[in-house]
Amino acid sequence: MTAPDRYGVMGYPVAHSRSPVIHRLFALQTEQDMQYDLIQVEPGGLDSAVRQFQRAGGKGLNITTPHKGDAALMADELSDRARVAGAVNTLLIKDDELFGDNTDGAGLVQDLTQNEELELQGANILILGAGGATRGILGPLCAEKPTQIIIANRTLPKAEALVMHFSGEVPVKSCRFQNVPRDVEFDLIVNATSASLQGETPPYPKTAVSDKTVCYDLSYGLAPTPFSSWAARHGAARSLMGWGMLVEQAAESFELWRGVRPDTESVLGQLNLSAS
Ligand code: NDP
């Protein structure tokens, strides 16, 4: 009997990740013989951890906070969307070569437009945070042709650098949390900060929320995240957590690794989750 093909997720922290459960459900559903593990890798340690996994015969990895930029630098080849993002959340290990992809943006857009039936064309979008996740979602969100995207970040130069990088047809602007324009009716606010991972609640811009605003936290939990509670408290039309994105981006990774597309709806149902 041959050993199952090995996959995993590397991040720091990583213990909270639900990716192993999701990939096990995908594997059962599509009858793939594979193993998927949580691998905690401290900041600065990605290169040696990936090489070790590669030497042990590993076939592919998900890469999460804070390693997505480093993963893009160490990949031998990048997909177009990973190159644009400058961030990799999926590595395919093939013939000693590392192929890097970024499935975060496709996962978010799939969840917003297909599962949640939101129209992004013509929308005013506010993104909070300017880290690896924002780099991954910005290109795919722009491709949906919103009216504009504003990126608010605690560290303004990071948001400014992203704006420079993503100059295209859709206007993308940057500001600090306290300078989010008050005269824009936001259709969608995406929280892409990792504040809740550290148990912190930044000064989210409450004037940006109205009863027409859908708030989407990339973070997720069995209980509402601090951002999703904040959004509900401030009268958002809907307050969603990133479970759908998590399952959709995982399905994209799974398809890259195994060549089969799992059914995401049943897996979301099996996780027995509900947005607040
Ligand atoms: P990064 O570490 O790359 O970036 C973190 C961002 O959060 C930065 O903009 C940082 O601001 C900001 N931030 C952190 N703490 C605070 C704070 N206390 N106050 C204000 N801002 C803060 O993380 P990622 O971009 O990779 O991930 C962001 C989040 O998205 C994580 O929670 C991750 O789990 C989630 N995620 C979910 C996915 C899903 O499938 N649902 C997929 C990908 C990510 P600054 O620049 O000032 O440091």
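Residues numbered from 1 in each chain as written. Predicted model: local features only at pLDDT ≥ 70, side-chain atom pairs only at ≥ 80, totals over all residues. Heavy atoms only, no water.

Draft legend 1. Spotlight on the overall build of the chain. Scanning the chain for helices and strands turns up ten helices and twelve strands. In terms of overall size, the chain behaves like a compact globule, its C-alpha atoms giving a radius of gyration of 18 Å where 276 residues would be expected to give roughly 19 Å. Principal-axis analysis of the C-alpha atoms gives the chain an extent of 65 × 40 × 35 Å. Out of the 276 residues in the chain, the part that is buried amounts to 51%. Considering only contacts within the chain whose residues lie at least 6 apart along the sequence, 67% involve residues at least 24 apart. Total accessible area on the chain is roughly 12800 Å²; 47% of this is exposed by carbon and sulfur atoms. Placing the 23 positive and 33 negative side-chain charges of the chain at their respective mean positions leaves the two points 6 Å apart. (Helix = DSSP H or I, 4+ residues; strand = E, 2+ residues; numbered from the N terminus. Rg over C-alpha atoms; globule rule 2.2 N^0.38 Å. Buried < 20%, exposed > 50% of the residue type's maximum accessible area, 1.4 Å probe, protein only. Contact = heavy atoms within 4.5 Å. Areas by Shrake-Rupley, 256 points an atom, 1.4 Å probe, with all protein chains shown as cover. Lys, Arg positive; Asp, Glu negative; His and termini not counted. Charge placed at Lys NZ, Arg CZ, Asp CG, Glu CD.)

Draft legend 2. The arrangement of the packing of helix H5 (residues 104–115) against helix H6 (residues 132–143) in detail. Direction vectors running N to C along H5 and H6 enclose 50 degrees, while the axes themselves pass 7 Å from each other. Here H5 lies oblique to H6, going by the angle between them. For the element pair H5 and H6, the recorded crossing hand is right-handed. For the pair H5 and H6, the contacting residues are Asp 104, Gly 105, Ala 106, Leu 108, Val 109 and Leu 112 in the first and Gly 136, Ile 137, Pro 140 and Leu 141 in the second. Residue composition of the contact of H5 with H6, grouped by class: seven nonpolar, two polar and one charged. (Axes fitted to C-alpha atoms, helices over the stretch in contact; angles between N-to-C directions. Parallel < 35°, antiparallel > 145°, perpendicular 65-115°, else oblique. Left-handed = near helix turned anticlockwise from the far one by under 90°. Nonpolar A, V, L, I, M, F, W, Y, C, P; charged D, E, K, R; others polar.)

Draft legend 3. Main features of the packing of aromatic side chains. Throughout the structure, instances matching the rule amount to eight aromatic pairs. For the ring pair Tyr 7 and Trp 257, a centre distance of 4.8 Å and an interplane angle of 35 degrees mean the geometry is tilted. Of this pair, Tyr 7 sits in strand S1 (residues 5–11) while Trp 257 sits in helix H9 (residues 243–258); the two residues are 250 residues apart in sequence, bridging distant segments of the chain. On the accessibility criterion, Trp 257 (8% relative accessible area) is buried. Taking the centre distance of 5.5 Å and the plane angle of 25 degrees together, the rings of Phe 227 and Trp 230 count as stacked. A residue pair is termed a helical-turn pair when its members lie 3 or 4 positions apart in one helix, as Phe 227 and Trp 230 do in helix H8 (residues 226–233) at three residues. Across the pair, Trp 230 and Phe 227 agree in class, each one buried. What links up through ring pairs into an aromatic cluster is the set Phe 177, Tyr 204, Phe 227 and Trp 230. (Phe/Tyr/Trp six-rings, centres within 6.5 Å; stacked < 30°, edge-to-face > 60°.)

Draft legend 4. Broad picture of the sheet that holds strand S5 (residues 90–94). Taking strand neighbours across the sheet as the criterion, the six strands line up as S2-S1-S3-S5-S6-S4 in an open arrangement whose pairing is mixed. Lying at the two open borders of the sheet, with one neighbouring strand each, are strand S2 (34–40) and strand S4 (77–78). Pairing of S1 with S2, which is carried by seven bridges, proceeds in the parallel orientation. In the strand pairing of S2, Arg 6 is matched with Gln 35. Set on the sheet, helix H1 (residues 19–30) makes contact with S1, S2 and strand S3 (60–63); between it and S2 the angle comes to about 175 degrees. The sheet contacts of H9 involve S1, S2, S3, S5 and strand S6 (97–101), and relative to S5 the element is tilted by about 5 degrees. (Pairing = 2+ DSSP bridges.)

Draft legend 5. Layout of the site of the ligand. Taken together, 28 residues form the shell around the ligand, and within it Ala 133, Asn 153, Thr 155, Glu 200 and Leu 218 come nearest. Backbone polar atom of Ala 133 to an oxygen atom of the ligand: 2.7 Å apart, as the coordinates give it. In the complex, the protein chains occlude 88% of the 930 Å² of accessible area that the ligand would expose alone. Going through the elements one at a time, H6 and H9 are the ones with two or more residues in the shell around the ligand. Looking at the shell around the ligand, the element that brings in the most residues is H9, giving three residues. (Near = heavy atom within 4 Å. Polar contact = N/O pair within 3.5 Å; in protein donor to acceptor, adjacent residues only side chain to side chain.)

Draft legend 6. Molecular detail of H6. Buried within H6 we find Ala 133, Thr 134, Gly 136, Ile 137, Leu 138, Leu 141 and Cys 142. In the stretch just after H6, Lys 145 is the one whose phi turns positive, near 60 degrees.

Draft legend 7. Expanded view of the pattern of salt bridges. A complete count under the given rule lists eleven salt bridges for this structure. Between Glu 116 and Arg 238 there is a salt bridge whose closest N-O contact spans 2.5 Å. With Glu 116 in the loop between H5 and strand S7 (124–128) and Arg 238 in strand S12 (residues 238–241), the pair connects residues that are 122 residues apart, well separated along the chain. Relative accessible area serves as the criterion here: at 22%, Glu 116 is assigned to the partly exposed category. Several salt bridges converge on common partners, so that one network encompasses Arg 81, Asp 101, Glu 252, Glu 255 and Arg 261. (Salt bridge = Lys/Arg side-chain N within 4 Å of Asp/Glu carboxyl O.)

Read these as layout, nothing more, since geometry by itself doesn't imply function.
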